[in-house]
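# A structural walkthrough
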Amino acid sequence: MTVTYQVTITLEYRLMVQYIIRRTLLAIPVMFAILLVVFGLARAIPGDPCKSILGEKASEQICERFAEEHGLNEPLPVQFGIYINKVLHGDLGDSIRFGRPIIVMLVERLPMTIELAFAAMTFAVIVGIPAGIISAIRRNSAIDVATMTLATIGVSIPVFFLGLMLIYFFAVALKDTPFALPPSGRLSPGLSATPFYEVWGWSVEEDTPRFLFLEFIANHFLFNSLITADWEVFFDAIRHLILPAFALSTIPMAIIARITRSSMLEVLGLDYIRAAKAKGLRQRTVIMKHALRNALLPVVTVVGLQLAAILGGAVLTETIFSLPGVGLSVFEAITSRDFPGIQGLVIIIAFVYVFLNLMVDLSYAFLDPRIRLN
Amino acid sequence: MATVAQIPDDNIADIHDYKSNSLWRLTLRRVFRQRSAVVGLVILLVVVFSALFAPVIAPYDPYKDFIGVEGVKRRDGPCIHLLGCPESQPQFILGIDGNARDVFSRILYGARVTLRIGVTVISVAVLGGTTLGAIAGYAGGTIDNIIMRSMDVILAFPFFLLAIALVFVLGPSLMNAMLAIAIVSMPGYARVIRSTVLSVREADYVEASRALGASSLHILFKRILPNAISPLIVLATLGIATAVLDTAALSFLGLGAQPPLPEWGTMLGSERNQIFSAPHLVFVPGIAISITVLAFNLLGDGLRDALDPRLVNEGKSG
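Residues numbered from 1 in each chain as written. Chains lettered and ligands numbered in written order. Predicted model: local features only at pLDDT ≥ 70, side-chain atom pairs only at ≥ 80, totals over all residues. Heavy atoms only, no water.

### Quick look at the pattern of salt bridges
Once the charged atoms of two side chains with opposite charge are near each other, the side chains can pair. All names here are of chain A. One pass over the structure, following the stated rule, counts 16 salt bridges over all chains. Across the pair Asp361 and Arg23 runs a salt bridge, and its minimum N-O distance is 2.6 Å. In this pair, Asp361 is assigned in helix α15 (residues 339-367) and Arg23 in helix α1 (residues 2-44), connecting sequence segments 338 residues apart. On the basis of relative accessible area, Asp361 is assigned to the partly exposed category, the value being 27%. (Salt bridge = Lys/Arg side-chain N within 4 Å of Asp/Glu carboxyl O. Helix = DSSP H or I, 4+ residues; strand = E, 2+ residues; numbered from the N terminus. Buried < 20%, exposed > 50% of the residue type's maximum accessible area, 1.4 Å probe, protein only.)

Shown next as structure tokens:
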């Protein structure tokens, strides 16, 4: 008996590892396609790339050297090869607007966006899933109708308008009350987050890859202040994150609530649920233990898809709340027509999206044995 | 058992009507039974009405500024004579904007712009997506692979971001913003059409048509595509809502409609820093966008409940 059991476990384990490897390898052609599209778009920009990057006043000679340096005289496939090679070495070009390599901006600004996206998704999940479950259980009741109406309204309000309304109510109308919330920035003026490696007295040489990595971790203010127990910064950062995260979360929240409801309704009609009820189990047990597990599978897929909405919406939210993340950088690069900046930032955000979707797919395999066994 | 005889009268009427009604009339009746569809339709009629009759309803030219007119200051709030605003001043029921133009007139004309955006974007997306999906499904093999993989590439990006990148390359203008949103919405339609084509390509009635010597185009349009019409209508209605939202968002970022065009996203975007001093300039266009998008979403939901046979069979879920 025990032997068979072990064999099954090993087999399942091997299938799981195989699935993880296969799914991870699948992400490579996707990233390649993203690079190809962005490269193609960059080349499709009308006009001389030299003049668009260095400015209209660049002389013939300078442009000649620029073309030489950037391999612009080579045939397109070779240029693409050079480009891929650069990206693989972490060189995404320099932003003109910020006068820095994109990769350094990523270290400074991506953590903000990650924290915002994480907070928004957390909101969406912890409100959306229970709302969907309750709607399904109390189908066609007042609470169901109200929730679904709210969900329809939720997907209809533009993120940028909702953000501005929240600013108006929480920073203008509720000013000087305990409910007031800050309308912009990551931290209140005067506060700053001391990087954890400084607090812990690690010696780090600047501009080394190790420094960039530690800096990247430390720029997650919530995480950094949490591990250094800097509660003032921690709660201040949270207060600054509430409004933008809520503005960003409404659309995914509404969609998650709807999917949870319809998926739950479908599962509740299945025979095994009737059997569980017939056994005399309490409704709570039937819902939480039997139905929820199966009903949540489609929800996981939707969470993955909604990450696209969150990452796209981050451009709007960060712009409105003046949050220095990659979304705001995209906006600033647009307004200053910073071609290499946009190019690098779009690639970064698209890669983050691919990575997060990979994580969602892998978590799916843990939740649903059918996926990894097929 | 007695229950058999207890079929309510209106059900009998239903069965009777079923024989004499066309599919479209039946569908229409089912749509009107959906409360959300009716509410959406009513709101939409109001928006269409304001767009059509904007020149009649609007008190002023949407481009006319009132700079230098006595008693009129930029970004003034609403001035309504009935509510005690002095008769000596011109009446602005929704206030005036940063260029001293009447917000109410601009909102009315903005309805024209917005409806045009929604309908155009989705027409282009549906046409493009249908063509690509039909070719992919009908041709199969390499062509299918090339088309569907390129659709997958579009889906690999967060779509608002891809739209931003596209407009950035094409140059900011309302036309380019609409084109960008149309391109990024195409894969959804292509997938629906392709799967319909694949599922009925080998059906007997298609085979019969082919045996009678019908051309591929005839088979595609007359025999295959009608199968996809109801999911397409639902997708397109909900798609208009998204298209309006996203085009407004691009305009808000300065990548879409350019001032002085009375486009709601642009109106909101250019006055967004006035949220503290003149909130009406943010609220009025914001509410206009929300209501229009809500109308399309309600109508789309209602249509889905009415047209999707799977949902009809299991009762009203979703």
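### Some remarks on the state of the cysteines
Residue and element names in this part refer to chain B. Going through the model one piece at a time under the given rule, you end up with one disulfide over all chains. Disulfide pairing is shown between Cys79 and Cys85; the S-S distance is 1.9 Å. The chirality of the disulfide connecting Cys79 with Cys85 is left-handed, given an S-S dihedral of about -85 degrees. Of the two residues, Cys79 and Cys85, both sit in the buried class. (Disulfide = S-S within 2.5 Å.)

### Comments concerning the interface of chain B and chain A
Taken together, the contacts link 41 residues of chain B with 48 residues of chain A. Across the chain B to chain A interface the summed buried area is about 3800 Å²; carbon plus sulfur atoms make up 79%. On the chain B side of the interface with chain A, the three residues burying the most area are B:Leu161, B:Phe168 and B:Val169, jointly 18% of the side's total. Between the two partners, chain B and chain A, sit one salt bridge. A salt bridge links A:Arg258 to B:Asp301; the shortest N-O distance between them is 2.4 Å. Applying the counting rule to chain B against chain A returns two residue pairs in polar contact (both at pLDDT 80 or more). Elements with a contribution of two residues or more to the side of chain B that touches chain A: α6 (141-156), α7 (159-170), α11 (229-252) and α13 (280-307) of chain B. Sorting elements by how many residues they give to the side of chain B that touches chain A places α13(B) first, with twelve residues. (Contact = heavy atoms within 4.5 Å. Buried area = accessible area lost by both parts, 1.4 Å probe. Polar contact = N/O pair within 3.5 Å; in protein donor to acceptor, adjacent residues only side chain to side chain.)

### Some remarks on the environment of B:Val121
Residue and element names in this part refer to chain B. In this structure, Val121 sits in helix α5 (residues 103-139). For Val121 and Leu303, which are 182 residues apart along the polypeptide, the C-alpha to C-alpha distance reads 20 Å. Ignoring sequence-local partners within four residues, the contact set of Val121 consists of Met178, Ile181, Ala182, Ala243 and Thr247.

### Focus: helix α7 (residues 159-173) of chain A
The first and last C-alpha atoms of α7(A) sit 20 Å apart over 15 residues, in line with the 21 Å expected at 1.5 Å per residue. If you check which residues of α7(A) are buried, you get A:Val159, A:Phe160, A:Phe161, A:Leu162, A:Gly163, A:Leu164, A:Met165, A:Leu166, A:Ile167 and A:Ala171. The elements touched by buried residues of α7(A) are α11 (231-268) and α13 (283-320) of chain A together with α11, α12 (264-270) and α13 of chain B. (Expected span 1.5 Å × (residues − 1).)

### Things to note about the confidence of the model for chain B
Detailed conclusions should not be drawn from predicted coordinates in areas where pLDDT is low. All names here are of chain B. Looking at chain B as a whole, its pLDDT mean stands at 86, while 90% of the residues score no less than 70. Contacts of residues 311-318 to residues separated by more than four positions or lying in other chains number 18 contacts, the stretch itself having pLDDT below 50. Overall fold confidence (pTM) sits at 0.87, and the ipTM for the predicted complex is 0.87. (pLDDT = per-residue confidence, 0-100.)

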